[in-house]
Amino acid sequence: MTIKTRFAPSPTGYLHVGGARTALFSWLYARKHGGKFVLRIEDTDLERSTKESVNAILEGMTWLGLEYDEGPFYQTERFDRYQKVIQQLLDHGDAYYCCCSKETLEQLRNEQKARKEKPRYDGRCRDAKHEDSKEAVIRFRNPDVGEVVIKDLVKGDIVIANKELDDLIIARSDGSPTYNLTVVVDDMDMGITHVIRGDDHINNTPRQINILKALAAELPQYAHVPMILGDDGSRLSKRHGAISVMQYRDEGFLPEALLNYLVRLGWSHGDQEVFSVDEMIEFFDLENVNVSASTFNSEKLLWLNHYYMMHSDSAHVARHLSWHMGNLNIDPAIDGPDLVKVVEIQRERCKTLVEMAQASAFFYKEFEQYDEKAAKKSFKQGCELVLKNLFDKFSELEQWQGEQLHQIVLDVAEAMDLKLGKVAQPLRVAISGASVSPPIDVTLSLLGRKKTLARISRAINFIEKL
Ligand code: GLU
């Protein structure tokens, strides 16, 4: 049997971290078993579904590298098929038209409440043999007796008595199918073997199983993944900071850091924290998915991001950094050092790509002004002489290389009888605009002679005007 999983988002917003984790678990399960991963866009809620959300979801999946083998399928393109299945259920007596008005249902609910019963539809139209009409909805005729057993691969067996379930609406009065019907038809038609989804859907599962049984379909296996909580214990939401996957990209995270973070959010493999994608695929299993909710921890995600910035291939990091440089209106390919080299000297001191881009902009474009504190501290009267000396020596230098550049800084300090810092710090502020940068010799060597000399001149001018 080929394992087939799916991710079935409703396009009513961006791809959030909860959805991304569900997608990741489904993707990993398929990859691990040499199966197929399907993307299905559940866009039947026409009022809340938007094209922008679809695009945001697709963009998020691509950025994370969760490539799908089939799809994206759109439920709005499958209405004919849903109608056929609904007709089939009607023909077999597994569904019926219900003409109960809002008022009737309201009254029923109130009576049940008064009797301290759980409000549920009592099936009064079951045998009324109503025909289709403007007001009629179609309900699934749920079995009265017996029970539904969900053999959940995360939560274990869950048993629900059929008398707890009422006759669910599968088509609205305008004929449009409802969520539980479309999901069932799609999971059946698409040959989904494993439904891995958030446990907010667990109440739907027994209903879906009953419909599948009525259609004589093979049941998929289910795995309901617990939700993600914010650090205050409430359900993760915007209040807790970024929850959209693309916002993590915008804030300077590498996709592999987010994937690694998400895989550990509710799943473990011994006490291992760092997983390459290949390791995730190798080790992932549903048995080790936590039964209880997990808490989102931004610090840990930041730690992982730094880890991947340090350890990923520098060309790979540079590709992602390049996008952030673009956000600063810099095209690193046009004028400036090889971005890969910049990554290599910056990665240690930056936790995000945004930080790295900001700290590296000076290699490519003139900074607007000196960091105020840095200029105040390092540009003292008299230090223009230091800079002039450096300027002369740098102008004459034959080979623009780290070691020689370093030697010049040493020589100027010695000749002027100054501590090294009194030479290196003004120089650093002069060339980068700020008081922190990678070691001065590598910074100079990547910046190049032309920019170095121009910036030293600019600093001399600045100091002379003080
Ligand atoms: N479309 C549903 C949602 O976004 C998911 C349905 C499912 O996974 O069965 O919550």
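The structure reproduced in this document is the subject of the present report.

Scoring rules and cut-offs
Residues numbered from 1 in each chain as written. Predicted model: local features only at pLDDT ≥ 70, side-chain atom pairs only at ≥ 80, totals over all residues. Heavy atoms only, no water. Pairing = 2+ DSSP bridges. Helix = DSSP H or I, 4+ residues; strand = E, 2+ residues; numbered from the N terminus. Axes fitted to C-alpha atoms, helices over the stretch in contact; angles between N-to-C directions. Patch = residues over 30% accessible without salt bridge, like charges linked within 9 Å, V, L, I, M, F, W, Y side chains within 5 Å. Areas by Shrake-Rupley, 256 points an atom, 1.4 Å probe, with all protein chains shown as cover. Salt bridge = Lys/Arg side-chain N within 4 Å of Asp/Glu carboxyl O. Lys, Arg positive; Asp, Glu negative; His and termini not counted. Charge placed at Lys NZ, Arg CZ, Asp CG, Glu CD. Core = buried A, V, L, I, M, F, W, Y, C linked by side-chain atoms within 4.5 Å. Buried < 20%, exposed > 50% of the residue type's maximum accessible area, 1.4 Å probe, protein only. Contact = heavy atoms within 4.5 Å. Near = heavy atom within 4 Å. Polar contact = N/O pair within 3.5 Å; in protein donor to acceptor, adjacent residues only side chain to side chain. 1 Å grid on protein atoms, 1.4 Å probe; cavity = no way out; pocket = protein on both sides within 12 Å on 5 of 7 lines; lining within 4 Å. Sits in = over half its atoms within 2 Å of the grid points. Nonpolar A, V, L, I, M, F, W, Y, C, P; charged D, E, K, R; others polar. Expected span 1.5 Å × (residues − 1). Phe/Tyr/Trp six-rings, centres within 6.5 Å; stacked < 30°, edge-to-face > 60°. Lys NZ or Arg CZ within 6 Å of the ring centre and 35° of its normal.

Section: the sheet that holds strand E4 (residues 95-98)
Move 1: Spatially, E4-E5-E8 is the arrangement adopted by the three strands of the open sheet, whose pairing is antiparallel. Two strands lie at the open edges of the sheet, namely E4 and strand E8 (169-171), each paired on one side alone. Each strand of the sheet is rotated relative to its neighbour by a mean of 45°, with strand direction disregarded.
Move 2: Bridge analysis of E4 against strand E5 (residues 137-140) gives four bridges, and the strand direction is antiparallel. What sits directly across from Tyr96, in E5, is Arg139.

Points about a positive patch on the surface
Move 1: On the surface, Lys377, Lys380, Lys419 and Lys422 cluster together to form a positively charged patch.
Move 2: Relative to the elements of secondary structure, Lys380 occurs in the loop between helix H14 (372-378) and helix H15 (383-396).

Comments concerning the nonpolar core
Move 1: Counting residues in hydrophobic clusters, the biggest one holds 103 residues, and the most contacted among them are Leu390 and Phe394.
Move 2: When residues in this core are grouped by element, the largest group, nine residues, is from helix H1 (residues 17-32).
Move 3: Aside from chain neighbours lying at most four places away, what touches Leu390 is Ile408, Val409, Val412, Val423 and Leu427.
Move 4: Counting 30 residues, the second largest nonpolar core, distinct from the first, contains Val148, Val185, Val195 and Ala217.

Details of the environment of Ala454
Move 1: Examined against the element boundaries, Ala454 turns out to sit in helix H19 (residues 449-464).
Move 2: The partly exposed category is assigned to Ala454, whose relative accessible area is 43%.
Move 3: Along the primary structure Ala454 and Gly60 are separated by 394 residues, whereas in three dimensions their C-alpha atoms are 42 Å apart.

Remarks on the site of the ligand
Move 1: Taken together, the neighbourhood of the ligand is formed by Arg6, Ala8, Pro9, Ser10, Glu42, Tyr179, Val183, Arg197 and His201.
Move 2: Here Glu42 contributes a side-chain N or O atom positioned 2.5 Å from a nitrogen atom of the ligand.
Move 3: Here an oxygen atom of the ligand and a side-chain polar atom of His201 are 2.8 Å apart.
Move 4: The protein chains hide 80% of the 300 Å² of surface that the ligand would expose on its own.
Move 5: With respect to the pocket detection grid, the ligand is positioned in the largest pocket.
Move 6: Split into classes, the residues belonging to the shell around the ligand amount to four nonpolar, two polar and three charged.

Here we look at helix H11 (residues 314-327)
Move 1: Here H11 spans 20 Å end to end across 14 residues, near enough to the 20 Å set by a 1.5 Å rise per residue.
Move 2: Listed as buried for H11 are Ser314, His316, Val317, Ala318, Leu321, His324 and Met325.
Move 3: Buried-residue contacts for H11 involve helix H7 (245-250), helix H8 (255-264), helix H10 (298-311), helix H12 (339-346) and helix H13 (353-360).
Move 4: Phi turns positive, to about 60°, at Asn329, one or two residues after H11.

Things to note about the packing of aromatic side chains
Move 1: In total, this model carries 15 aromatic pairs according to the counting rule given.
Move 2: Where Tyr248 meets Phe296, the ring centres are 6.3 Å apart and the plane angle is 45°; that geometry is what we call tilted. Of this pair, Tyr248 sits in helix H7 while Phe296 sits in the loop between strand E12 (294-295) and H10, and the two are 48 residues apart along the sequence.
Move 3: The class of Tyr248 is buried, set by a relative accessible area of 4%.
Move 4: Seen from their ring centres, Tyr307 and Tyr308 are 5.4 Å apart, and the 80° between their planes marks the pair as edge-to-face.
Move 5: What makes Tyr307 partly exposed here is its relative accessible area of 27%.
Move 6: Residue class for Tyr308 comes out buried when judged on its relative accessible area of 8%.
Move 7: Among the aromatic residues, those joined into a ring-pair cluster are Phe25, Trp267, Phe275 and Phe284.
Move 8: Above the face of the Tyr121 ring, Arg139 is positioned so that its terminal group lies 3.6 Å from the ring centre.
Move 9: We note Arg458 situated over the ring of Tyr370; from NZ or CZ to the ring centre the distance is 5.1 Å.

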